[in-house]
Amino acid sequence: GDTLCALEAQDIEAGYGGIVALHGVSLHVGAREIVTVIGPNGAGKTTLLRAISGLVPLRRGRVSLDGSDVTGQSTEALVRRGLVHVPERRQLFADLTVEENLRLGAYTRYRHEPEAVERDFERVLELFPILRERRRQRAGTLSGGEQQMLAIGRGLMSSARVLLLDEPSLGLAPLITRQIFDTIAQLRGQGIAVLLVEQNARQALRVVDRGYVLINGRIVLSGTAEELMASRLVQQVYLGAL
Ligand code: ATP
């Protein structure tokens, strides 16, 4: 039968002053699906996530979660509905510990569902065992890869059902990127839908179900991970030839 999309964006237009960064972008992410948007520098990937999560106003288009229209809702309201954005520059509290950073991700939930918060805390430490080891360490002293894991973990602490990830591979060595992407792939089993924007097409396509190619604010191609990997256009984008 017809299953509702966890996230759907229809005909999104957004920009900054006179700049139009997105020209009518449409995409969807099914429940338990991992979907990537790949594209070169400046294609509009970050703007797309910011538009979906209410950080940049929509000039046109609609966003829906589980089939309900949430267009124009505040970022906080969207977080309460399970839409969580993990931004590119890891906005962690460098002087707080790993545990404190994780718990801050859940601060609005303690009053209403303290047991669920503890369950999620345990779940995050299982997903990222290194965070358990580093639990009492200040976030600012973590490696880049560990900080990225902490950023994702903090997002999961807000009871995320749809996770928006902005370039988790940024500045990381290939082996660490691979580890992080393998962990992202495990989120499928936790009932979380993921929209991942990436310049690192090869590594992203290794773990996602489907993807879209964004160039100059337009989706120019979409398909399964296999189809995209075989596409000449993707190989060109990946090689930086565009
Ligand atoms: P990158 O990987 O470099 O972050 P991106 O694909 O995420 O690239 P965006 O950051 O979304 O691309 O940028 C899309 C377009 O919008 C670019 O032309 C960029 O210069 C412009 N832009 C982004 N942020 C702003 C801003 N705050 N003010 C004005 N223009 C902006």
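Bear in mind the structure is a predicted one, so any value in this text is a computation, not a measurement.

K.L.:
Got a minute to help me understand the site of the ligand in this structure?
P.N.:
Contacts to the ligand come from 14 residues, most closely from Asn 41, Gly 42, Lys 45, Thr 46 and Thr 47. Here an oxygen atom of the ligand and a side-chain polar atom of Thr 47 are 2.5 Å apart. At 3.5 Å, a side-chain N or O of Gln 199 approaches an oxygen atom of the ligand. The protein chains hide 61% of the 630 Å² of surface that the ligand would expose on its own.

K.L.:
How should I be thinking about helix α1 (residues 45-52) in this particular structure?
P.N.:
Residue pairs three or four apart in sequence face the same way in an α-helix, which turns once every 3.6 residues. Within α1, 6 of the 8 residues are buried, which leaves it mostly tucked inside the rest of the structure. Of the positions making up α1, those classed as buried are Lys 45, Thr 47, Leu 48, Leu 49, Ala 51 and Ile 52. Directly after α1, the chain includes Gly 54, whose backbone phi takes a positive value near 80°.

K.L.:
What is the right way to read a nonpolar patch on the surface from this model?
P.N.:
Side chains of Phe 93, Leu 104 and Tyr 107 sit close together on the surface and give an oily, nonpolar patch of about 330 Å² of accessible area. When you line up the elements, Leu 104 lands in helix α3 (residues 98-104).

K.L.:
It is not clear to me how the layout of surface pockets should be interpreted in this structure. Could you clarify?
P.N.:
In this approach a probe as big as a water molecule rolls over the atoms, and the regions it shows empty are the leftover space. There is about 1,000 Å³ of room inside the largest pocket. Put simply, the parts of the chain that give the lining of the largest pocket at least two residues each are α1, α2 (75-80), β6 (83-86) and α6 (144-156). Per-class residue counts for the lining of the largest pocket are 10 nonpolar, 11 polar and 10 charged. Contributing to the lining of the second largest pocket are 13 residues, with Asn 41, Gly 42, Ala 43, Gly 44 and Lys 45 lying nearest its centre. With 3 residues, the single largest contributor to the lining of the second largest pocket is α1. Of the residues belonging to the lining of the second largest pocket, the class tally is 2 nonpolar, 8 polar and 3 charged.

K.L.:
I keep staring at the packing of aromatic side chains and nothing clicks. Help me out?
P.N.:
In this description, a pair of aromatic rings is defined by centroid distance and the angle of the planes. Here the structure, examined in full by the defined rule, presents 0 aromatic pairs. Sitting over the ring of Phe 121, Arg 103 keeps its end group 4.2 Å from the ring centre.

K.L.:
What's the story with the sheet that holds strand β2 (residues 19-30) in this structure? I'm lost.
P.N.:
Spatially, β2-β1-β4-β5 is the arrangement adopted by the 4 strands of the open sheet, whose pairing is antiparallel. Among the strands making up the open sheet, the edge pair consists of β2 and β5 (68-69). Across 2 bridges, strand β4 (residues 60-65) lies against β5 in antiparallel orientation. Paired with Ser 64 across the two strands is Asp 69, which belongs to β5. Here α1 sits on the sheet in contact with β1 (5-16), β2 and β4, set at roughly 115° to β1.

K.L.:
Just to check I follow, could you spell out the pattern of salt bridges for this structure?
P.N.:
When their charged atoms lie close together, side chains carrying opposite charge are able to pair. Tallying each qualifying case throughout the model produces 18 salt bridges. Ionic pairing is found between Glu 33 and Arg 210, a salt bridge with its closest N-O pair at 2.8 Å. In this pair, Glu 33 sits in the loop between β2 and β3 (34-38) while Arg 210 sits in strand β9 (residues 210-215), placing the two residues 177 residues apart along the sequence. Take Glu 33: its relative accessible area is 16%, and that puts it in the buried class. With a relative accessible area of 16%, Arg 210 lands in the buried category. The residue Asp 209 makes a salt bridge to Arg 188 at a minimum N-O spacing of 3.2 Å. Of this pair, Asp 209 sits in the loop between α8 (201-207) and β9 while Arg 188 sits in the loop between α7 (174-186) and β8 (193-198), and the two are 21 residues apart along the sequence. On the basis of relative accessible area, Asp 209 is assigned to the partly exposed category, the value being 28%. Linked through salt bridges whose partners overlap, the residues forming this network are Glu 99, Arg 103, Glu 118, Arg 135 and Arg 136.

Scoring rules and cut-offs
Numbering of residues begins from 1 in every chain and follows the order in which that chain's sequence is written. Reporting in this predicted model follows two pLDDT cut-offs: at least 70 for local features of residues, and 80 or more for side-chain atom pairs to be given and counted; totals over whole chains, interfaces and linings ignore these cut-offs and use all residues. The side-chain quantities take in all heavy atoms of the structure and omit both hydrogens and water. One heavy atom suffices: a residue is near a molecule or strand as soon as one of its heavy atoms comes within 4 Å of it. Polar contacts here mean pairs of N or O atoms no more than 3.5 Å apart (in protein, one a potential hydrogen donor and the other a potential acceptor; neighbouring residues in sequence count only if both atoms are side-chain atoms). Per-residue accessibility takes into account occlusion by the displayed protein chains alone, with areas from the Shrake-Rupley method and a 1.4 Å probe. Only protein chains enter the calculation, and the probe is 1.4 Å; a residue is then buried if its accessible area is under 20% of its type maximum, exposed if over 50%, and partly exposed in between. Secondary structure elements are taken from DSSP: a helix is a run of H or I of four residues or more, a strand is a run of E of two residues or more, and numbering for both begins at the N terminus. Nonpolar side chains (Val, Leu, Ile, Met, Phe, Trp, Tyr) within 5 Å and like charges within 9 Å form the patches, drawn only from residues with over 30% relative accessible area and no salt bridge. By salt bridge we mean one thing: a side-chain nitrogen of Lys or Arg within 4 Å of a carboxyl oxygen of Asp or Glu. Put simply, the grid is 1 Å and covers the protein atoms alone, a cavity is a trapped set of points that fit a 1.4 Å probe, a pocket is an open set with protein on both sides within 12 Å along at least five of seven lines, and lining residues have an atom within 4 Å of a point. Grid points are joined across faces, edges and corners, and a volume is the space filled by probe spheres set on the points. Ten residue types, Ala, Val, Leu, Ile, Met, Phe, Trp, Tyr, Cys and Pro, are classed as nonpolar, four, Asp, Glu, Lys and Arg, as charged, and the remainder, Gly among them, as polar. Pairing of aromatic rings covers Phe, Tyr and Trp, the last through its six-membered ring, and needs centres within 6.5 Å; plane angles under 30 degrees mean stacked, over 60 mean edge-to-face, and all others mean tilted. Cation placement over rings: the criterion is NZ of Lys or CZ of Arg within 6 Å of the ring centroid and within 35° of the ring normal. Strands qualify as paired when DSSP identifies two bridges or more between them. Any two residues whose heavy atoms approach within 4.5 Å are treated as being in contact. Working convention: axes come from line fits to C-alpha atoms, limited for helices to the stretch in contact. Angles between N-to-C directions cover 0 to 180 degrees.

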